[in-house]
Amino acid sequence: CSLLVSQRIPLDCHRQLIGKKEAISLFKRGLAFPGNSNADTVVQYKLKQPVIARYLRLIPLDWNPTGRIGLRLEIYGCRYTSDVAHFDGSSSVIYRLSVRPSWMAMEAISLKFKTLKNSGTLLHAEGQRDHSLTVVLEKGRLLLYHQQGVSSSSGGQLLVSLGSLLDDQHWHHVKLERLNTHLNLTVDKNTHQVHVPAELSHWDIHQLSLGAVQSHGLQKPILSNRNFHGCLENLLYNDLNLIDLAKRNNHQVSVGNVTFSCAEPVSVAVTFTDSQSFLQLPALTSWWSGFVSVALQFRTWNKAGLLLTFDLPQEEGTVWLYLSEARLRLQINKAGRAQLELSAGSGLNDGQWHSVELNSRQDHLSITVDKDEGATAHTSIPLPLTISFGGLKSSQECRNPFKVFQGCMRLLTLDNQPVDLIKVQQRLLGNYSHLLIDMCGIIDRCSPSHCEHGGRCTQSWSTFHCNCSNSGYRGATCHSSTYEQSCEAYKHKGNTSGHYYIDVDGSGPIRPQLIYCNMTEDRAWMVIQHNNTELTTVHQSAEINQHLTHFDYASEEKQLAAIISQSEHCEQELSYHCRKSRLLNTPEGAPFSWWVGGPGPGQIQTYWGGALPGSRQCACGLQDNCLDSNHYCNCDADYDQWANDSGLLTHKETLPVRSLVLGDIQRPGSEAAYRVGPLRCHGDRNFWNAAFFDKETSYLHFPTFHGELNADISFLFKTPSSSGVFLENLGIKDFIRIELRSSSEVVFSFDVGNGPLEVRVETSVPLNDNRWHSVRAERNVKEASLRVDEFPAATQEAPADGHIHLQLNSQLFIGGTASRQKGFLGSKITPGVRPGCPGHCSSYGSLCQNQGRCVERASGFFCDCGQSAYTGSFCHKEVSASFKSTTSVIYILKEPYELSRNSSAMPSSIYSDMTLRGENISLSFRTSQSPALLLYVNSFYREYLALLINEHDELELRYKLHSSRDVEVLWSRVTNLADGHLHTVTVRRLADSVSVQVSTHQIIHTVLHGSLQAGTCLDIDTSNELDAELAGLASLGFTGCLSGVRFNSISPLKAALLHPDSPVIVTGPLAQSSCGSSSPANPYAAETTHSLSDQPGSVDPGQPLVNAMRSDSALIGGVIAVVIFVTVSALAIMARFICSRKETYRNQEVKAAQTEDSHEFPFSSPADCQSAPGENQKEYFI
């Protein structure tokens, strides 16, 4: 196509409306067309690409300053053939295939249509077995339905909906294609693909009906009594022109009431564009007869707006007809007060044409919406002089109590006489301002919808809104996920184990999924369950040669693939327990069993857990320790006793396990059981990809960033520099850039053709502190936003009718710019770059709680809880136990002689040096008992400290820091400590200075005398040689809960419960509990235990327990019970020996200390350490 112009004009092929600023912008970008500079020269432009447009709008940018205004324009198009037919609502065209064709893999129907009616049947295609496809126009949208059965009474199955506002009296192109297993429906340039229902996979068309449903069956029409009213053009079935056949009276075509020309009447519409739009018309002289009638049609997206108003000069009143909450309302005001209100209709802001009528005659006033819904009143209105539509003149706008109308009107009638809007345009009738006459400029901003991920789109005249509720996404277009992409990301936000929604691809198309995150001390595991993670018995059967089982995962296929791909490590347990049941039949036989794993449908795998892919081995074959060295699996030895082959599958390309086939199960005596554990993955390749930039000229570059309509960029950075460019990508004019402009300001700048825009976030703290900071930028068609750390996000709205496509063509630069100006100095996490930035504990060390120590790793960190009384991923999980009156826990601290002689015998995490010039004690308790002894610590030099609740329910701390001095007693003023609630006590002593805090009460300080000597026993709820009062308390025992017990670096309760190899002696029942907090239990933990006696009948000692519970707690519990019993027995013997050594050492080194054995004391142990009672006590109130 060619375009001849004689003035400087731009051509905008994408929009119907364009303003002066946008036109100037087009000119600057080279999209305007300079014209001639004299009266004779002709300037010609040939477009590189053909343009299909409804309008050609000319916007002059400049005029000849000395000549007169003039324009001569010619447009040369391409040859075009047009066969049209007009349908008047009772017309139809039927095409019957005379010879049943052979099945074709592809069929196509195409046509063009235009109409003023928003509903009607376009085409109906029938085939064999009474299946049909129907394309209908409903409320301006094109819908494709599938129906089945001659007696189908339903409305059919909706396959797809496309287009909007198609009743605009413009030509629209429609194409329906069947391609093997799917259908393509195209409306104008938008194509939507749907899978063909199974019954249509080999379906072909026998009859086509156009404009109406002419069915030989009894199917109910999709749109009852709504035939098409408008024009069709170039109706093609495959390559057959059906309108041409109808013109030539082909016997296969039946025509009913169709004319072969398009005589559709043109309706003149008017568009009210903004707050200054109005149309004012004079009243008719015929109204003086006392009858007033006004009618119009309107369409809008706004819920509110003034439709028309006129004054009542004789009564000093005003009539207002307006929209409010999408309902039509009539209000008559007199003397500033509403005298009458009527309302009718609902949902009138749906963008469809709605008719409104206002009629007034003597003692009767009515309003009607869409000809069948209205409201009436017994009153009448005086005759108006003028009527204003849409709004008022600027001089009268202050009188308008309602919003102005933004939308379209047509078919205005006064007293049943149509208003000639062309005369209005020519200023021959009435008055107007800011109107677009002879067009309806309504735009459906929700078709196609810019709301992503299922967000619901609603709109007004000038903008749209996305409702992201329950979608899992946020932002102006529901683009950004509200969830993290991995358990690793959740862990680094301080989250502990539990179920979390994981969005593996962030803003991508994969939906979020609920996954259990197991946060261990050094890993964050994603655990994906399937339908059978139990140990399952395979019963012997002579009739069944193979046992096949399929595993259905809680996650969808795309989610599984993405998780495995982005994780650093994945594993899955695969176990087979056998008795006379061979597995892989190694070394040379055909395998009896195999499993299928990997992406998609998976591939057959003939190796077992713990071995390598393709090896046809089990773990024992790889380790060369199978029961029979002639085989590579234990089960292949075919022994008549229980054996097993178990291990982890760790090669990601073969995961997950999708199905399992077990073959050797049919022989007499064959028994087997299998278990396929959940898929477990840890590490996030996208989270810890770090790059270090040590020079301002260094940078990375990647392919062009594609984010034409919606894009989000997120990263972490740390730097000592106060400025630098994080990333940049350029186009011809468009660009995108994120930079650190100052030590406390991050700037996101871009240009999509509307001029450069910037979004800034200024922080109250410096960002060049060499700690990790997060940046998230998003740009979509509505706005751009920027967030830094947890500071408030900054946003910048996009122009309502501006350009929306970001067009870039250069490489994406990370850490620098295309011009190699000042780049970024520091570290930034970006996908696809090797790890390389240490210093994670400076940012995440605060996540380690309760004296946990942050330890650096190459990618991330973990919390070392060795010196903490707590455990868990952040040392946050309490270690607490319920005590009975007969329960005691004794932790033995070695003497200096023993420490020096055997200092390396014990692990430092359990045994550490004590600073006996001070103590740091903390514990929590819950009890209803008073008095009660909580903690007792004594040395070999007859010194001790005791923490107890006295008979007045007060906390009491007793110190005897020297054998020759009196006991010093500190009393707390906090009462009611035996109230059954949780209380926390912290005691800190350094030399003679002591501070005590109970829960959140004030810290009290005091001064003591002396310090503990080296060599102590630490007892919880126990004593050795005690004074009479403490002995009496100890004899009562302690009933309640203790939690988080810590003495300097020693955690005796944690050692007793979690480290059975530590020097701890437990007497009586000690049960772990969660009494110190309300933290939830592991959701995957079994709540019941089962012993071997729970299994019916006799059980082979080597036979696995199957389906007894959700986990193997019974078996594990039995093992732990034996270990604890053996350990306690050994510790008791060792403790007796140690105390005898202590006794000898004490007699040799401490001549002044006289001791009395108290081995018969009920709460003592062979490891008792001695302490002397004091007769005189010093008392302190704290």
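As the structure is a prediction and not an experimental result, all values here were calculated from the model.

## Considering the overall build of the protein
Link 1 in the chain: Within the protein, the regular secondary structure consists of eleven helices and 78 strands.
Link 2 in the chain: Within the span of the protein, comprising 1182 residues, buried residues form 50% of the whole.
Link 3 in the chain: Long-range pairs, those at least 24 residues apart, make up 68% of the contacts in the protein with a sequence separation of at least 6.
Link 4 in the chain: When the accessible surface of the protein is split by element, carbon and sulfur atoms take 50% of a total near 55,500 Å².

## Some thoughts on the sheet that holds strand β47 (residues 657-662)
Link 1 in the chain: Strand order in the open sheet formed by four strands is β42-β47-β44-β45, with antiparallel pairing between adjacent strands. Across the chains shown, the open sheet's two edge strands, defined by having one partner strand only, are β42 (547-550) and β45 (603-605). On average, each strand axis in the sheet is tilted by 20 degrees relative to the strand beside it, whichever way the strands run.
Link 2 in the chain: Strand direction decides the pairing type here: strand β44 (residues 594-597) and β47, joined by four bridges, are antiparallel. Among the inter-strand pairings, Val596 is bridged to a residue of β47, identified as Ser659.

## Here we look at the confidence of the model for the protein
Link 1 in the chain: Looking at the protein, pLDDT values average 78 and 77% of them are 70 or higher.
Link 2 in the chain: Mean pLDDT across the elements of the protein ranges from a minimum in strand β1 (residues 2-5), with 31, to a maximum in strand β43 (residues 569-579), with 95.
Link 3 in the chain: Taken as a whole, residues 895-915 scores under 50 in pLDDT and shows 34 contacts with residues more than four places along the chain or in a different chain.
Link 4 in the chain: Note that residues 1105-1182 has pLDDT below 50 and, in this model, 138 contacts with residues that lie over four places away or in other chains.

## As for the side chain of Asp664
Link 1 in the chain: Here Asp664 shows up in the loop between β47 and β48 (671-676).
Link 2 in the chain: Overall, Asp664 belongs to the buried group, its relative accessible area being 1%.
Link 3 in the chain: A polar contact is formed between the side chain of Asp664 and the backbone nitrogen of Arg582, at a distance of 2.8 Å.
Link 4 in the chain: In contact with Asp664, other than residues within four places in its own chain, are Lys580, Ser581, Arg582, Phe592 and Ser670.

## Some thoughts on the pairing of strand β7 (residues 106-114)
Link 1 in the chain: The element β7 is largely enclosed, with a buried count of seven among its nine residues.
Link 2 in the chain: Judged from the eight bridges that link them, β7 and strand β12 (residues 172-179) form a sheet pairing that is antiparallel. Within β12, the position partnered with Phe113 by the bridge is His172.
Link 3 in the chain: Note that β7 and strand β16 (residues 229-237) share five bridges and pair antiparallel. When the sheet's bridge partners are listed, Ile109 is paired in β16 with Tyr237.

## Thoughts on the nonpolar core
Link 1 in the chain: Ile502, Tyr576, Leu583, Trp595, Trp608, Leu660 and Leu679 are the most contacted members of the largest nonpolar core, which totals 46 residues.
Link 2 in the chain: Those residues in contact with Trp595 that sit more than four places away from it in its chain are Leu574, Gln603, Ile604, Gln605, Tyr607, Trp608, Leu649, Thr654, Val657, Ser659 and Leu660.

## Thoughts on the packing of aromatic side chains
The relation between two aromatic rings is expressed through the spacing of the ring centres and the mutual angle of the planes.
Link 1 in the chain: One pass over the full model with this rule turns up 17 aromatic pairs.
Link 2 in the chain: Summarising the aromatic geometry, the rings of Phe883 and Phe1038 are spaced 6.1 Å apart at their centres and angled 70 degrees between planes, so their arrangement reads as edge-to-face. Here Phe1038 lies in the loop between α9 (1028-1036) and β75 (1040-1047) and Phe883 lies in strand β64 (residues 880-883), a separation of 155 residues in the sequence.
Link 3 in the chain: Ring geometry for Tyr936 and Tyr944: centres 5.4 Å apart, planes at 35 degrees, overall tilted.

## Observations regarding unusual backbone geometry
Link 1 in the chain: The omega torsion across Ser447 and Pro448 is -5 degrees, close enough to zero to call that bond cis.
Link 2 in the chain: With respect to the helices, strands and loops of the structure, Pro448 is situated in the loop between β33 (435-437) and β34 (456-459).
Link 3 in the chain: Here the amide bond leading from Leu655 into Pro656 is cis, since omega sits at 0 degrees, within 30 degrees of zero.
Link 4 in the chain: Tracing the chain through its elements places Pro656 in the loop between β46 (643-649) and β47.
Link 5 in the chain: For Asn257, which is not glycine, the phi torsion reads 60 degrees and is therefore positive.
Link 6 in the chain: Structurally, Asn257 can be placed in strand β18 (residues 253-259).
Link 7 in the chain: Unlike most non-glycine residues, Asp789 shows phi in positive territory, near 50 degrees.
Link 8 in the chain: Positionally, Asp789 belongs in the loop between β58 (783-788) and β59 (794-797).
Link 9 in the chain: Its relative accessible area of 17% is what places Asp789 among the buried residues.

## Brief notes about α9
Quick reminder: α-helices carry 3.6 residues per turn. Residues three or four places apart thus point the same way.
Link 1 in the chain: For α9, every residue scored as buried is listed here: Leu1030, Ala1031, Leu1033 and Ala1034. For α9, the angular spread of the buried residues around the axis is 160 degrees, confining them to a single face.
Link 2 in the chain: Gly1037 occupies a position one or two residues after α9 and carries a positive phi of about 70 degrees.

## Observations concerning the state of the cysteines
Link 1 in the chain: As enumerated under the stated definition, the model contains 13 disulfides in all.
Link 2 in the chain: With a sulfur-sulfur separation of 2.0 Å, Cys408 is cross-linked through a disulfide to Cys440. Residues Cys408 and Cys440 are joined through a disulfide that is right-handed, its torsion about the S-S bond being 90 degrees. Placement of the pair is Cys408 in strand β30 (residues 407-414) and Cys440 in the loop between β33 and β34, with a sequence separation of 32 residues.
Link 3 in the chain: There is a disulfide in this structure between Cys487 and Cys517, and the S-S distance comes to 2.0 Å. The sign of the S-S torsion, about -75 degrees, decides the handedness of the disulfide formed by Cys487 and Cys517: left-handed. One end of the pair, Cys487, is in helix α4 (residues 487-491); the other, Cys517, is in strand β39 (residues 513-519), with 30 residues separating them in the sequence.
Link 4 in the chain: Exposure remark for Cys517: the relative accessible area of 0% places this residue in the buried category.

## Points about helix α5 (residues 557-566)
Link 1 in the chain: For α5, the full list of buried residues reads Gln559, Leu560, Ala562, Ile563, Ile564 and Gln566.
Link 2 in the chain: Looking at the buried positions of α5, the neighbouring elements they touch are β39, β40 (524-528), β43 and β49 (679-682).

## Digging into the pairing of β16
The two faces of a sheet get side chains in turn, since along a regular strand they alternate between them.
Link 1 in the chain: Burial analysis of β16 places seven of its nine residues in the buried class, the great majority of the element.
Link 2 in the chain: Bridge count for strand β6 (residues 84-96) against β16 is five bridges, and the pairing is antiparallel. Bridge pairing links His86 to Cys231 in β16.
Link 3 in the chain: Here β16 runs beside strand β17 (residues 240-241); their pairing, made up of two bridges, is antiparallel. Across the sheet, the residue bridging to Leu236 is Asn241, located in β17.
Link 4 in the chain: Here β16 folds back onto β17, and the loop between the two strands holds two residues, one of which, Asn238, carries a positive phi near 55 degrees.

## Brief notes about the sheet that holds strand β56 (residues 757-762)
Link 1 in the chain: Judged by pairing direction, the sheet is antiparallel, and its six strands sit side by side in the order β51-β60-β53-β54-β55-β56 without closing on themselves. Whereas interior strands pair on both sides, the edge strands pair on one side only; in this sheet they are β51 (700-702) and β56. Pairs of neighbouring strands in the sheet enclose a mean axial angle of 15 degrees, with direction left out of account.
Link 2 in the chain: Here six bridges tie strand β53 (residues 724-730) to strand β54 (residues 735-742), and the two strands are oriented antiparallel to one another. The partner of Gly724 across the bridge, within β54, is Leu740.

Rules of the game
- Residues numbered from 1 in each chain as written.
- Predicted model: local features only at pLDDT ≥ 70, side-chain atom pairs only at ≥ 80, totals over all residues.
- Heavy atoms only, no water.
- Helix = DSSP H or I, 4+ residues; strand = E, 2+ residues; numbered from the N terminus.
- Buried < 20%, exposed > 50% of the residue type's maximum accessible area, 1.4 Å probe, protein only.
- Contact = heavy atoms within 4.5 Å.
- Areas by Shrake-Rupley, 256 points an atom, 1.4 Å probe, with all protein chains shown as cover.
- Pairing = 2+ DSSP bridges.
- Axes fitted to C-alpha atoms, helices over the stretch in contact; angles between N-to-C directions.
- pLDDT = per-residue confidence, 0-100.
- Polar contact = N/O pair within 3.5 Å; in protein donor to acceptor, adjacent residues only side chain to side chain.
- Core = buried A, V, L, I, M, F, W, Y, C linked by side-chain atoms within 4.5 Å.
- Phe/Tyr/Trp six-rings, centres within 6.5 Å; stacked < 30°, edge-to-face > 60°.
- Arc of directions from axis to C-beta.
- Disulfide = S-S within 2.5 Å.

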